[in-house]
4 protein chains.
Amino acid sequence: MRTTSATRIQHGMSSLPPARSLSRRDLLRAGALAALLPLRSARAAGAPPAAPDDRTARLVEDLVAANHVLVQEGVLDAYGHVSARHPARAGQYLMSRSLAPQLVTAADVLEHDLDGAAPGHPGAVLYLERFIHGEIYRARPDVGAIVHMHAPSIIPFGAAGEPLRPIYHMSAFLSGGVPVFDIRAAAGETDMLVRTPALGRALAQALGARPVALMRGHGAVVVGPDLPHAVFRSVYTEVNARLQAQAMALGREVKYLDAEEARRAEAALDGTLGRPWELWKRKAAGR
Amino acid sequence: MRTTSATRIQHGMSSLPPARSLSRRDLLRAGALAALLPLRSARAAGAPPAAPDDRTARLVEDLVAANHVLVQEGVLDAYGHVSARHPARAGQYLMSRSLAPQLVTAADVLEHDLDGAAPGHPGAVLYLERFIHGEIYRARPDVGAIVHMHAPSIIPFGAAGEPLRPIYHMSAFLSGGVPVFDIRAAAGETDMLVRTPALGRALAQALGARPVALMRGHGAVVVGPDLPHAVFRSVYTEVNARLQAQAMALGREVKYLDAEEARRAEAALDGTLGRPWELWKRKAAGR
Amino acid sequence: MRTTSATRIQHGMSSLPPARSLSRRDLLRAGALAALLPLRSARAAGAPPAAPDDRTARLVEDLVAANHVLVQEGVLDAYGHVSARHPARAGQYLMSRSLAPQLVTAADVLEHDLDGAAPGHPGAVLYLERFIHGEIYRARPDVGAIVHMHAPSIIPFGAAGEPLRPIYHMSAFLSGGVPVFDIRAAAGETDMLVRTPALGRALAQALGARPVALMRGHGAVVVGPDLPHAVFRSVYTEVNARLQAQAMALGREVKYLDAEEARRAEAALDGTLGRPWELWKRKAAGR
Amino acid sequence: MRTTSATRIQHGMSSLPPARSLSRRDLLRAGALAALLPLRSARAAGAPPAAPDDRTARLVEDLVAANHVLVQEGVLDAYGHVSARHPARAGQYLMSRSLAPQLVTAADVLEHDLDGAAPGHPGAVLYLERFIHGEIYRARPDVGAIVHMHAPSIIPFGAAGEPLRPIYHMSAFLSGGVPVFDIRAAAGETDMLVRTPALGRALAQALGARPVALMRGHGAVVVGPDLPHAVFRSVYTEVNARLQAQAMALGREVKYLDAEEARRAEAALDGTLGRPWELWKRKAAGR
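Computed from a predicted model, the values in this text were never measured in an experiment. (Residues numbered from 1 in each chain as written. Chains lettered and ligands numbered in written order. Predicted model: local features only at pLDDT ≥ 70, side-chain atom pairs only at ≥ 80, totals over all residues. Heavy atoms only, no water.)

**Q** In this structure, what is going on with the relation of the copies chain A and chain D? I would like to understand it.
**A** Both copies of the chain are related by one operation, a rotation about an axis with a shift along it. The two copies are related by a screw operation: chain A maps onto chain D through 90° of rotation and 0.0 Å of translation along the axis, at an RMSD of 0.0 Å. Taken together, the turn and the small shift mark the pair as related by a four-fold rotation axis. For chain A, the residue whose C-alpha comes nearest the rotation axis is Ala249(A), separated from it by 5.4 Å. (Least-squares fit on C-alpha atoms with pLDDT ≥ 70 in both.)

**Q** Whenever I open this one, the sheet that holds strand β2 (residues 92–96) of chain C confuses me. Can you help?
**A** Sheet strands associate in pairs through backbone hydrogen bonding, adopting either a parallel or an antiparallel arrangement. Residues and elements named next belong to chain C. Reading across from one edge, β3-β2-β1-β4-β7-β6-β5 is the order of the seven strands in this open sheet, with mixed pairing throughout. Where the open sheet ends on each side, the last strands, each with one partner, are β3 (109–113) and β5 (180–181). Strand direction decides the pairing type here: strand β6 (residues 212–215) and strand β7 (residues 219–224), joined by four bridges, are antiparallel. Note that in β7 the partner of Ala 213 across the bridge is Val 221. Against the sheet, helix α4 (residues 54–72) contacts β1 (81–85), β2, β3 and β4 (145–149), and its axis sits at roughly 160° relative to β1. Strand contacts of helix α9 (residues 227–249): β1, β4, β6 and β7, with the helix running at about 145° to β7, the strand carrying the most contacts. (Pairing = 2+ DSSP bridges. Helix = DSSP H or I, 4+ residues; strand = E, 2+ residues; numbered from the N terminus. Contact = heavy atoms within 4.5 Å. Axes fitted to C-alpha atoms, helices over the stretch in contact; angles between N-to-C directions.)

**Q** For this particular structure, what's the right way to read the layout of surface pockets?
**A** To find leftover empty space, one rolls a probe the size of a water molecule over the atoms. The volume enclosed by the largest pocket comes to roughly 1700 Å³. Lining the largest pocket are 48 residues, with Gln246(A), Arg242(B), Gln246(B), Gln246(C) and Gln246(D) positioned closest to its centre. Elements with a minimum of two residues in the lining of the largest pocket: α6 (154–160) and α9 (227–249) of chain A, α6 (154–160) and α9 (227–249) of chain B, α6 (155–160) and α9 of chain C together with α6 (154–160) and α9 (227–249) of chain D. Looking at the lining of the largest pocket element by element, the count peaks at eight residues for α9(B). In the lining of the largest pocket, the residues fall into 32 nonpolar, nine polar and seven charged. Computed from the structure, the second largest pocket encloses a volume of approximately 1000 Å³. (1 Å grid on protein atoms, 1.4 Å probe; cavity = no way out; pocket = protein on both sides within 12 Å on 5 of 7 lines; lining within 4 Å. Points joined across faces, edges and corners; volume = space filled by probe spheres on them. Nonpolar A, V, L, I, M, F, W, Y, C, P; charged D, E, K, R; others polar.)

**Q** How do you make sense of unusual backbone geometry when you look at a structure like this?
**A** Excluding glycine, residues mostly carry a negative phi; peptide bonds, for their part, are mostly trans. For Met192(A), which is not glycine, the phi torsion reads 75° and is therefore positive. Mapped onto the secondary structure, Met192(A) falls in the loop between α7 (183–187) and α8 (197–207).

**Q** How do you make sense of the interface of chain D and chain C when you look at a structure like this?
**A** Accessible area lost on assembly of the parts is the figure often given for the size of an interface. Contacts between the two partners involve 39 residues from chain D, matched on the other side by 32 residues from chain C. Carbon and sulfur atoms supply 62% of the area that chain D and chain C bury against each other, a total of about 3000 Å² over both sides. When the buried area of chain D at its contact with chain C is split by residue, Tyr79(D), Pro156(D) and Glu189(D) rank highest and sum to 20% of it. The partner of Lys255(C) in a salt bridge is Asp182(D), and the shortest N-O contact between them spans 2.5 Å. Between the two partners, chain D and chain C, sit 14 residue pairs in polar contact (both at pLDDT 80 or more). Of all elements in the fold, only α6 and α9 of chain D reach the threshold of two or more residues within the side of chain D that touches chain C. With five residues, α6(D) is the largest single contributor of residues to the side of chain D that touches chain C. Broken down by class, the residue content of the side of chain D that touches chain C amounts to 22 nonpolar, eight polar and nine charged. (Buried area = accessible area lost by both parts, 1.4 Å probe. Salt bridge = Lys/Arg side-chain N within 4 Å of Asp/Glu carboxyl O. Polar contact = N/O pair within 3.5 Å; in protein donor to acceptor, adjacent residues only side chain to side chain.)

**Q** Would you explain the pairing of strand β2 (residues 92–96) of chain B in this entry?
**A** If a strand is regular, its side chains alternate between the two faces of the sheet. Residues and elements named next belong to chain B. Counting buried residues in β2 gives five out of five residues, a clear majority hidden from the surface. Because side chains alternate across β2, one face comprises the buried residues Gln 92, Leu 94 and Ser 96, and the other comprises Tyr 93 and Met 95, equally buried. As judged from the three bridges shared by strand β1 (residues 81–85) and β2, these two strands associate in the antiparallel manner. Note that in β2 the partner of Ala 84 across the bridge is Leu 94. (Buried < 20%, exposed > 50% of the residue type's maximum accessible area, 1.4 Å probe, protein only.)

**Q** How do you make sense of the environment of His121(B) when you look at a structure like this?
**A** Relative to the assigned elements, His121(B) resides in the loop between β3 (109–113) and α5 (131–139). Owing to a relative accessible area of 9%, His121(B) belongs among the buried residues under this scheme.

**Q** I'm lost on the packing of aromatic side chains in this one. Help?
**A** When we look at a pair of aromatic rings, we describe it by the centre distance and by the angle of the planes. Per the counting criterion, the structure on display carries 16 aromatic pairs over all chains. An aromatic cluster of at least three residues, connected via ring pairs, comprises Phe173(A), Phe232(A), Tyr236(A) and Trp280(A). (Phe/Tyr/Trp six-rings, centres within 6.5 Å; stacked < 30°, edge-to-face > 60°.)

**Q** What is the right way to look at helix α4 (residues 54–72) of chain B in this model?
**A** An α-helix turns once every 3.6 residues. As a result, residues three or four positions apart point the same way. Taking 1.5 Å of rise per residue, 19 residues should cover 27 Å, and α4(B) covers 27 Å from first to last C-alpha, within 8% of that figure. Considered for burial, the residues of α4(B) that qualify are Thr56(B), Ala57(B), Leu59(B), Val60(B), Leu63(B), Val64(B), Ala65(B), Ala66(B), Asn67(B), His68(B), Val69(B) and Leu70(B). (Expected span 1.5 Å × (residues − 1).)

**Q** Looking at this model, I keep getting lost on the side chain of Lys281(A). Mind explaining?
**A** For Lys281(A), the location among the structural elements is in helix α11 (residues 274–284). Judged by relative accessible area, which is 17%, Lys281(A) ranks as buried.

**Q** Which parts of the structure should I look at to understand the interface of chain A and chain D?
**A** The interface of chain A with chain D comprises 39 residues on the first partner and 32 residues on the second. Taking both partners together, chain A and chain D bury about 3000 Å²; carbon and sulfur atoms supply 62% of that area. For chain A, the biggest contributors to the area lost against chain D are Tyr79(A), Pro156(A) and Glu189(A); these three give 20% of the whole. Counting the contacts that link chain A with chain D gives five salt bridges.

**Q** What is the right way to look at the sheet that holds strand β3 (residues 109–113) of chain D in this model?
**A** All names here are of chain D. In spatial order, the strands read β3-β2-β1-β4-β7-β6-β5; together these seven strands make up an open sheet with mixed pairing. In this open sheet, the two strands that pair with only one neighbour each are β3 and β5 (180–181). In this structure, strand β1 (residues 81–85) lies alongside strand β4 (residues 145–149), joined through four bridges in antiparallel fashion. The partner of Ser 83 across the bridge, within β4, is Ile 146. Here helix α5 (residues 131–139) sits on the sheet and contacts β1, β2 (92–96), β4, β6 (212–215) and β7 (219–224); the angle it forms with β4, its principal contact strand, is near 145°. Packed onto the sheet, α9 meets β1, β4, β6 and β7 and runs at close to 145° relative to β7.

**Q** Which parts of the structure should I look at to understand the confidence of the model for chain A?
**A** All names here are of chain A. Of the residues in chain A, 82% reach a pLDDT of 70 or more, and the chain-wide mean stands at 86. The low-confidence segment residues 1–52, where pLDDT is below 50, has 61 contacts with residues more than four positions distant or belonging to other chains. Among the scores for the predicted complex, ipTM is 0.83 and pTM is 0.85. (pLDDT = per-residue confidence, 0-100.)

**Q** What exactly am I supposed to notice about the pairing of β4(C) here?
**A** All names here are of chain C. The element β4 is largely enclosed, with a buried count of five among its five residues. Side chains Ala 145, Val 147 and Met 149 project from β4 onto one buried face, and the interleaved Ile 146 and His 148 project onto a second face that is buried too. Sheet topology places β4 next to β7; five bridges connect them, and they run antiparallel. What sits directly across from Val 147, in β7, is Val 222.

**Q** Where do I start with the packing of α4(B) against α9(B) in this structure?
**A** Between two packed helices, the angle of one axis relative to the other and the distance separating the axes together describe the packing. All names here are of chain B. Between α4 and α9, the shortest axis-to-axis distance is 10 Å and the interhelical angle comes to 5°. One way to sum up the angle between α4 and α9 is to call them roughly parallel. Across from Leu 59, Asp 62, Leu 63, Ala 66, Val 69 and Leu 70 in α4, the residues of α9 making contact are Leu 227, Val 231 and Ser 234. A per-class count over the contact of α4 with α9 returns seven nonpolar, one polar and one charged. (Parallel < 35°, antiparallel > 145°, perpendicular 65-115°, else oblique.)

**Q** Help me understand the nonpolar core in this model?
**A** In terms of nonpolar packing, the biggest core is built from 337 residues, with Tyr236(A), Tyr236(B), Tyr236(C) and Tyr236(D) touching the most fellow members. Excluding its chain neighbours within four sequence positions, the residues that come into contact with Tyr236(B) are Tyr168(B), Met170(B), Ser171(B), Phe173(B), Trp280(B), Asp77(C) and Tyr79(C). (Core = buried A, V, L, I, M, F, W, Y, C linked by side-chain atoms within 4.5 Å.)

**Q** Just checking my understanding: could you explain helix α10 (residues 259–270) of chain C for this structure?
**A** The end-to-end C-alpha separation of α10(C) is 16 Å, in line with the 16 Å expected for 12 residues at 1.5 Å each. Buried residues in α10(C) make contact with α9 of chain C together with α7 (183–187) of chain D.

What follows is the structure in structure tokens.
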């Protein structure tokens, strides 16, 4: 299937739909359909359109919300990206074309394969560091969503090599250790970007089975079983970094959650993640 | 009295009324009545509805405002809760069902007994840590309102075990000492949550007769004779923590209010609490 | 002249005009007249009203704006106050009745004499610390406007006794030294408030000929020849405190403006004060 | 050509068009034409108006946006300025008359020559420090846009003489070193302002071939080949200063980007600058 010229224009910056002048609901409806178009190969063969995949449409809607929430909560700025594994095909994931997260609409969400291609959208400009996502999805079958961020408070920890530790129950998920991925140790001199499958694999290896890895001189990657987990962990990794730095500055020994407290606290918090997720989505939607 | 299915739906997340599209006044009116329904047992027996309890209705309105004010002033985020003792029945208190404070409306405010049950609302999901409230109300007849918060600047003090002290007259109420409740010392390994009456009693014991106790790896509890006091103290505990950390970083001896200054300053400020309370409520109501 | 009951109601909290629902211009016009009423003693004697004093009306308008600007720029919260010397009578000054600065309208601005009375408004509740203003106006004929503030970044400097010094040209006015007024040294145990003429004189003496004095455990007082100077200095005293603390934390010797640089920079900046003043007023007015 | 009285009024503060009550598009259209008027000398000779110079009009529009973006992103407040070299005449540059950046409209943008005169606008009040711009444009043919800023986080570094270094890839452009220009070393006692061509040359010499120079006790100057580069570098110089200070406070050795990493990262980022630029412009325009 080839992208029509109309589709190509739709993905160009100059024709970006003005996200604020249409209702968000309109965009989500339109976008969810657009994102599904490449999936319906039967249509190209003249068959009637399949019924929309509701699960995918809802996931695209949540992915758009996740982009906006992460900006709202100070985790992403004009850079960084968030993805979700495809609900039906584990070898694919959904992520925006290369775009500032605040501007992402459902129409910008494209299917990527684990090698970093978006075969249904040959004309689209993709994020340079999409290999972060593909290689982690490949290495971690448990992962359903990934955030790559340059959140401000984590940068000093990555640069100084100071390990993040859980200062309170909200960030109990940090308890298993937060490795610092130093791209120079892995690959020598680079432009700091995870722009190849090999670099993506090196990062995935550093991450191991954990939810967060810092990236020296760059940012972090945060993963979870689904978008609410990945977004929650991104927000509270940033908060933990800020508060841990403040606690260290008080000049006393800091008492972090111990392993058992963290294990139990993470399990207890797990049942409440819908609360911030729904709140953040409402705020991001201006409701 | 049983909760009707209509009531149960009313308390479900999916049917949450859109707080912004109705006027706040409408919601408060409707909600205050809804909150009073379980109180009118005469109604179940076929008697005509009693005249609304105006004192309770006004308190519910203030409790809803307190939820919004505490978010607005950076004390609560998607977590934390605030309660007020019932104006007519000292063995009960008013608090929202489990909900992000920003989303609380009067319809979400339920009567709780000191054992942590909300008998009039058997279908409602309650805050896991409601035992904080019940056990402190039981131990402290002088307390009329309680805030449990994860306000950011206090977390480092709880983790480092550094005592908060009153750096200026606005936080003179801290002068009697701010204990740090370490749940591990009280109960060994836990999930950090005050999820049982026994843990609530341990926290109440640590608090003693004071207005604030930090909770290591978790947050704080703040109490007062009424909502304006509890909210004021929550806001200025957070501010004091931030400013005390900055003062300590200057590397000189910090001169805190002495006990007599604090006693007098707290008494002097007491007469002015209506000023921030009215301002904060107006701001939270968007007026 | 006695205050009528209508006037007394006008100054009560419950009848406070809703600042947002009337246009600010309406309020300013109405308020400027109301503030002038006590001045027109001829009216009580049956004479026709004098023509409005345009200079005073404009000053009241600027004083209202100064209240809002100081909140907007993070210098005042629900507390603190700002005054201006009366343009025609040096022994009087204009200041709001006791009210959160954000809520001040022209109708709240009352004439105070230097002893802290507002003879034209016997029913009005006045700021407890109005003696700060009266005693400084008495001691400093050059002063035309005064701000008393609890701006956050200055509190640590007052508590630690660390002198503020001008870290850049914007705060060159700090160069002559910033004394720390310790009310305990002046008057023993107090409630920290400058609530008597004697305490006001002690503070004025500590201030001397300078533009700023810190108040240990409390805040600061900032003066200037007029409102734009006093507001500008309040904003940049707060900024300087924040930046000076950050510079000290870098662990090197900090190079402040020397006395001659500061003298010249302050003179150079003096001609530009209209720029931030007009900008801040526009922002505060929502334009 | 002489400025008409109408033009002079147009540039006075009192007749400043209310930026919020007209649509920004209206102002940009009107302003772009106004800014071009002095260029059309043929018109004074009675010839029909030349076709508008579209390149210049677009640059004026971007310059207005740059002013607003720099305020929005916390780089400028009521002070500081941004300029762009004239697209057709390398010996001239475009910059607002002396005005708070937030208030700049296209009608305020004037052509300046490298000596700091705006010959087409003899009545206009110009920025005192316009010699920063003229002398750097003269010394650096590669420079197309300049920002002079007092961004808060950089002030401590200038005062303490601590060199800024690139803590992550976003600020890789800092890698060549960030000199601190001490005006006292260059010119003895001054008012700290670069208010003469000689001081402008001294600053340009300190800057050398680099993109950023700090100015002790004052701020910084940031340059780039065009407005998106200069704005991007201004924003991330401020962010880097904040994060570098935090990293240094952690008490470990901080690992900055090495020269080769920085060279490659800067090249890699270069292709993405349109992303923040378009986002920031949309936000500043309220879209």
